[in-house]
Amino acid sequence: MRAIKRICFNKMYNGYAVHIPTEEYATRKVAYVCAKCNTSFTVSHRWYGYQNGEFRDRYLFCPKCGNVFNNYGNAQGFKEMEYSDEGMPCSMALTLYEMKYGYKLYVSSGCINISQTGEASGCRNVEEIRFDVKGKKVTWKAGLGKSIMELGNPYDRRFLSSTMLGDLSLNVTRDEDSRKKLTDLLRALRDGIRRKFKKIHGYDIGSLFTRRGTSFGFLSMPIMGIAYRLLMPDIKQGLPEFVYRAGYAYTDAIQRLGLSIDNADCLKMFTHAETMRKARDSVTGIMEVYGIRDIPSYRRLIMEHPLHAVYVGVLDKYFGNDTACRLFNHIMGKFESGSYVVSDAVNKLSRILEKLTGIWSADEVAKFIMRSFGRAEFWDMDHMIHRLNENNVKKLPEVRLKDAHDWIKDALYKQENEDYSLMIPDAVRRRLEMQKDRLKFFMPDTNFKLRDVGKAMHNCVGSYAKKVLDKSCGIVVMTDDKGMMLACLEVRNGDGRNRLMQAKLKNNVPIRMNAKVNDAVAEWCRSAGVDMITADIETPEERGKRLEERKTMPICADEAAAV
C-alpha cells in the first residue's frame with residue numbers, strides 16, 4: 001500500500017456555533033467560538049415573529065477581534081449545527097492509498113467540540129473508505145469503534161449526512177487551489193479504479209463520473225456513485241441525482257416510479273449485495289434477488305433502470321412475459337401522465353393482484369389493470385374485498401371483474417346496514433301493481449330493492465326510500481317478460497288523485513323517446529287511474545295532434561324547388 005495523493009486543509013471555517021437547549025419561549029440560545037482568536041461567547045436570539053419568520057441578529061461580531069458571524073447557516077465560512085459530541089472540523093487531511101486490488105481514502109480531522117454549557121474543547125476524528133475493486137465493494141468506517149457500513153445504495157443517506165467529507169463544501173472549494181487539489185484526487189481515484197477493474201475483471205466499467213451537487217460536499221456524491229457502479233458495473237443507468245428541497249433530500253427516480261424507500265422490497269437488490277456480486281452480470285443478479293424469470297424482454301426493462309425489477313417481479317408472478325411487459329409499460333405511462341396513484345404503489349399492487357387472481361382469471365385481471373390502473377376504483381379494491389363477509393366473498397366469482405367495484409360497494413352497504421320495509425299500503429299496491437300482456441308493473445317494497453332499481457336504471461331513485469316511507473310518493477317499475485327494467489315511474493297522491501310526476505327510461509331519459517314504452521305506460525295510467533301531468537310522457541291525444549300538425553306543415557323553399 002502506498003500513498004499517491006495527500007491534501008491538507010488547515011483552516012476549515014472562520015467561526016463555529018452550536019445550539020444550546022433552552023426552555024425560554026421564542027428564544028434560540030447559541031454558543032459561538034471564533035476561529036481567529038479562539039474567543040467563546042453565548043447569544044440568545046429572540047424570535048422576530050411569524051411575519052418576519054426569523055430570529056434576531058443575523059450578523060454578529062466577535063467581541064474581541066470583530067470577526068463576522070453570518071447567521072444564515074453553513075455559509076460564508078461559518079459552521080452552525082445542533083449539539084453533537086462528534087465535533088466540527090477545524091482542519092482536515094485526506095490521503096489516498098493505492099492497494100493491490102483497490103484504493104483506500106483515509107480522512108483525519110482536528111475538531112472543535114462545544115459543550116451544552118458553551119465551553120470549547122479539541123478532539124480528533126478519522127474516517128476510512130475502502131474501494132475493493134476485486135470484490136466490487138466500497139465500505140465506510142467512521143472512526144474507531146464504529147461499525148463498517150457498505151456503500152452502494154444511492155437511496156441510503158446515512159453516509160451523505162454523517163461523513164466529514166460533507167464539510168468539503170463552499171467553505172473550502174471557493175479557493176481555486178483547494179478545488180484543483182480535490183479534483184486531482186477524485187480523478188486519480190476514478191481513473192485508478194477504472195484501470196484496475198479492467199485488469200481484474202477483463203472489461204471496461206466505463207465512466208465513473210457523478211455530479212457532486214451542492215448539498216453534500218465535493219466528494220460525497222462522487223464516492224456514492226463509484227460504490228453504486230462497482231456493485232452494478234454493467235448498468236450505467238439508475239443512479240439518481242439527489243435534489244435538495246425544503247430541507248429534505250429525495251430522489252426523483254423513487255417518486256417517478258411510485259416506490260417508497262420505506263418498503264424493504266423496493267431496495268432488496270442493495271440488501272442482497274452478495275447475490276448481486278456472485279451473479280455473472282448485474283441484471284442476472286437482480287433477477288435472482290427478485291425471483292424473475294430470465295427472459296430477454298425482462299432484461300431490457302431492467303437495463304433501462306434497476307428499479308424496474310420491483311414491478312417486473314410482481315407482474316411476473318401472475319402473468320406471461322408478453323402480458324407482464326404490456327402491463328408494465330401501461331403502469332409506467334400512468335405515473336408519467338400524472339394520473340391518480342398511491343404512494344408505495346408497487347406494494348399495494350402486489351396485494352391487489354394476489355386477491356384478484358385468486359378469484360378471477362389472469363386475462364380478466366390484466367384487462368382490468370389496463371382499464372382501471374391509475375383510477376381510484378382500482379386502489380379501492382384492496383380494502384373493499386377485505387371488508388366483505390364470507391357469504392359475499394363466495395358470490396364474487398359470479399361477478400364480472402369490470403363490474404366488481406360497484407357490486408362490492410353495494411354488497412358492503414347491505415352488509416353494514418339493515419334493510420327495512422317501505423310500508424307500502426296494500427290498497428296502493430292493488431291499484432298500481434298489475435300485469436299487462438308481457439309487461440309487469442310492480443313496486444319495490446324494501447330499501448335494498450329500491451337501491452337495486454336505482455343502480456339498474458342509472459338514476460337516483462335509490463335515495464327515495466324516505467319519501468316512499470312517509471308516503472310522499474310511490475315508485476313503480478315496469479319490466480318485460482325477462483325481468484329487464486324498462487321504465488321507472490314516480491306517482492304522487494294529492495287531493496285524492498294520483499298523478500304521474502316522472503316517467504324515465506335508463507339514465508333519466510323521458511319515456512316519450514320510446515314509443516312502445518310510452519304507450520304501455522299510458523295504458524297503465526288509464527287502468528290505474530293515474531293522471532299524466534308530466535312532460536316525460538306523451539298522451540295519445542298529444543301524439544295525434546303532433547302528427548296532424550306535421551301533415552299540414554308547409555314545406556321549405558328548398559324542398560319545393562326539389563319537387
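Let me begin by describing the structure that accompanies this report. Note that this is a predicted model, so its numbers are computed, not measured.

**Remarks on the overall build of the chain**
Of regular secondary structure, the chain possesses 22 helices and 20 strands. Expected size for 563 residues packed as a compact globule is a radius of gyration near 24 Å; at 38 Å, the chain overshoots this value by more than 25%. For the C-alpha atoms alone, the extent of the chain along its principal axes is close to 105 × 70 × 65 Å. Here the chain holds 563 residues, and 47% of them are scored as buried. Within the chain, residue pairs in contact and separated by at least 24 positions form 57% of the contacts whose partners lie at least 6 positions apart. Split by element, the accessible area of the chain, about 29700 Å² in all, is 48% carbon and sulfur. Taken as two groups, the 89 positive and 71 negative side-chain charges of the chain have centres that lie 6 Å from each other.

**Some thoughts on the packing of aromatic side chains**
A complete count under the given rule lists 14 aromatic pairs for this structure. Where phenylalanine 335 meets phenylalanine 373, the ring centres are 6.2 Å apart and the plane angle is 65 degrees; that geometry is what we call edge-to-face. With phenylalanine 335 in helix H11 (residues 321-336) and phenylalanine 373 in the loop between helix H13 (362-372) and helix H14 (376-387), the pair connects residues that are 38 residues apart, well separated along the chain. For phenylalanine 335, a relative accessible area of 12% translates into the label buried.

**Thoughts on the environment of methionine 81**
Mapping methionine 81 onto the fold places it in strand S7 (residues 78-82). C-alpha separation for the pair methionine 81 and aspartate 294, spaced 213 residues apart in sequence, amounts to 50 Å.

**Some details on the sheet that holds S7**
Ordered by their spatial adjacency, 4 strands build an open sheet running S4-S3-S2-S7, and the pairing between neighbours is mixed. Strands at the two margins of the open sheet, each flanked by one partner only, are strand S4 (40-46) and S7. Geometrically, the sheet is characterised by an average inter-axis angle of 25 degrees between neighbouring strands, direction not taken into account. Taken together, the 7 bridges between strand S3 (residues 27-34) and S4 define a ladder with antiparallel strand orientation. Bridge pairing in S4 links alanine 31 to threonine 42.

**Brief notes about the packing of helix H3 (residues 176-201) against helix H4 (residues 220-231)**
Interaxial distance between H3 and H4 falls to 11 Å at its minimum, and their mutual angle equals 5 degrees. Comparing their axes, H4 and H3 come out roughly parallel. Across the interface between the two elements, Leu186, Leu189, Arg190, Ile193 and Phe197 of H3 pack against Pro222, Ile226 and Leu230 of H4. When grouped by side-chain class, the residues that make up the contact of H3 with H4 number 7 nonpolar, no polar and 1 charged.

**Topic: a nonpolar patch on the surface**
A grouping of Tyr59, Phe61 and Val68 is seen on the molecular surface, where their side chains present a nonpolar patch of about 330 Å² in accessible area. Secondary-structure assignment places phenylalanine 61 in strand S5 (residues 59-61). In this structure phenylalanine 61 comes out as exposed when scored by relative accessible area, which is 53%.

**Things to note about the sheet that holds strand S8 (residues 88-99)**
Reading across the sheet, the 6 strands line up as S1-S8-S9-S10-S11-S12 and stay open at both edges, with antiparallel pairing between neighbours. Every other strand in the sheet has two partners, leaving strand S1 (2-9) and strand S12 (148-151) as the edge strands with one partner each. If you compare each strand with its neighbour and ignore which way they point, the axes differ by 20 degrees on average. Sheet topology places strand S11 (residues 137-141) next to S12; 4 bridges connect them, and they run antiparallel. The residue of S12 that forms the bridge with threonine 139 is glutamate 150. The strands that H3 touches are S1, S8, strand S9 (102-114) and strand S10 (120-132); relative to S1, the one it contacts most, it runs at about 155 degrees.

**Focus on the pattern of salt bridges**
Counted according to the given criterion, the structure contains 38 salt bridges. Glutamate 98 is the salt-bridge partner of lysine 196, the closest N and O atoms lying 3.3 Å from each other. Residue lysine 196 is found in helix H3, and its partner glutamate 98 is found in strand S8; the two are separated by 98 residues along the sequence. The burial state of lysine 196 is the same as that of glutamate 98; both residues are buried. One salt-bridge network, held together by shared partners, links Lys137, Glu150, Glu274 and Arg277.

**A look at the packing of helix H9 (residues 296-304) against helix H10 (residues 308-315)**
Where H9 contacts H10, the axes come no closer than 8 Å and their chain directions differ by 150 degrees. As the angle between them shows, H9 and H10 are arranged roughly antiparallel. Contacts between H9 and H10 involve Tyr298, Leu301, Ile302 and Glu304 from the first element and His308, Ala309 and Val312 from the second. Residues that form the contact of H9 with H10 fall into these classes: 5 nonpolar, 1 polar and 1 charged.

**Side note on the pairing of S11**
Sheet topology note: the S10/S11 ladder contains 5 bridges and is antiparallel. Residue pairing across strands places arginine 130 opposite threonine 139, the latter belonging to S11. Taking the residues that link successive antiparallel strands as the turn, the S10-S11 hairpin has 4 residues, and the phi of lysine 136 there is positive, at about 55 degrees. What sits between the antiparallel neighbours S11 and S12 is a turn of 6 residues, in which glycine 143 has the positive phi angle 100 degrees.

**Comments concerning the environment of lysine 141**
Note on placement: lysine 141 falls in strand S11. Sequence separation between lysine 141 and asparagine 14 is 127 residues, and the spatial gap between their C-alpha atoms is 28 Å. Once residues within four sequence positions are removed from consideration, lysine 141 is found in contact with Val126, Glu127, Glu128, Lys146, Ser147 and Ile148.

**Some points on unusual backbone geometry**
With a phi close to 55 degrees, lysine 136 is a non-glycine residue in the positive phi region. If you trace the backbone, lysine 136 turns up in the loop between S10 and S11. Here the phi dihedral of histidine 458 falls at roughly 55 degrees; this positive angle occurs in a residue that is not glycine. Looking at the secondary structure, you find histidine 458 in the loop between helix H18 (447-457) and helix H19 (465-469).

**Side note on the side chain of asparagine 392**
Following the sequence through the fold, asparagine 392 ends up in helix H15 (residues 390-395). With a relative accessible area of 10%, asparagine 392 lands in the buried category. Not counting residues within four places of it along the chain, the set of residues in contact with asparagine 392 comprises Trp407, Ala411 and Gln415.

Parameters and conventions
Residues numbered from 1 in each chain as written. Predicted model: local features only at pLDDT ≥ 70, side-chain atom pairs only at ≥ 80, totals over all residues. Heavy atoms only, no water. Helix = DSSP H or I, 4+ residues; strand = E, 2+ residues; numbered from the N terminus. Rg over C-alpha atoms; globule rule 2.2 N^0.38 Å. Buried < 20%, exposed > 50% of the residue type's maximum accessible area, 1.4 Å probe, protein only. Contact = heavy atoms within 4.5 Å. Areas by Shrake-Rupley, 256 points an atom, 1.4 Å probe, with all protein chains shown as cover. Lys, Arg positive; Asp, Glu negative; His and termini not counted. Charge placed at Lys NZ, Arg CZ, Asp CG, Glu CD. Phe/Tyr/Trp six-rings, centres within 6.5 Å; stacked < 30°, edge-to-face > 60°. Pairing = 2+ DSSP bridges. Axes fitted to C-alpha atoms, helices over the stretch in contact; angles between N-to-C directions. Parallel < 35°, antiparallel > 145°, perpendicular 65-115°, else oblique. Nonpolar A, V, L, I, M, F, W, Y, C, P; charged D, E, K, R; others polar. Patch = residues over 30% accessible without salt bridge, like charges linked within 9 Å, V, L, I, M, F, W, Y side chains within 5 Å. Salt bridge = Lys/Arg side-chain N within 4 Å of Asp/Glu carboxyl O.

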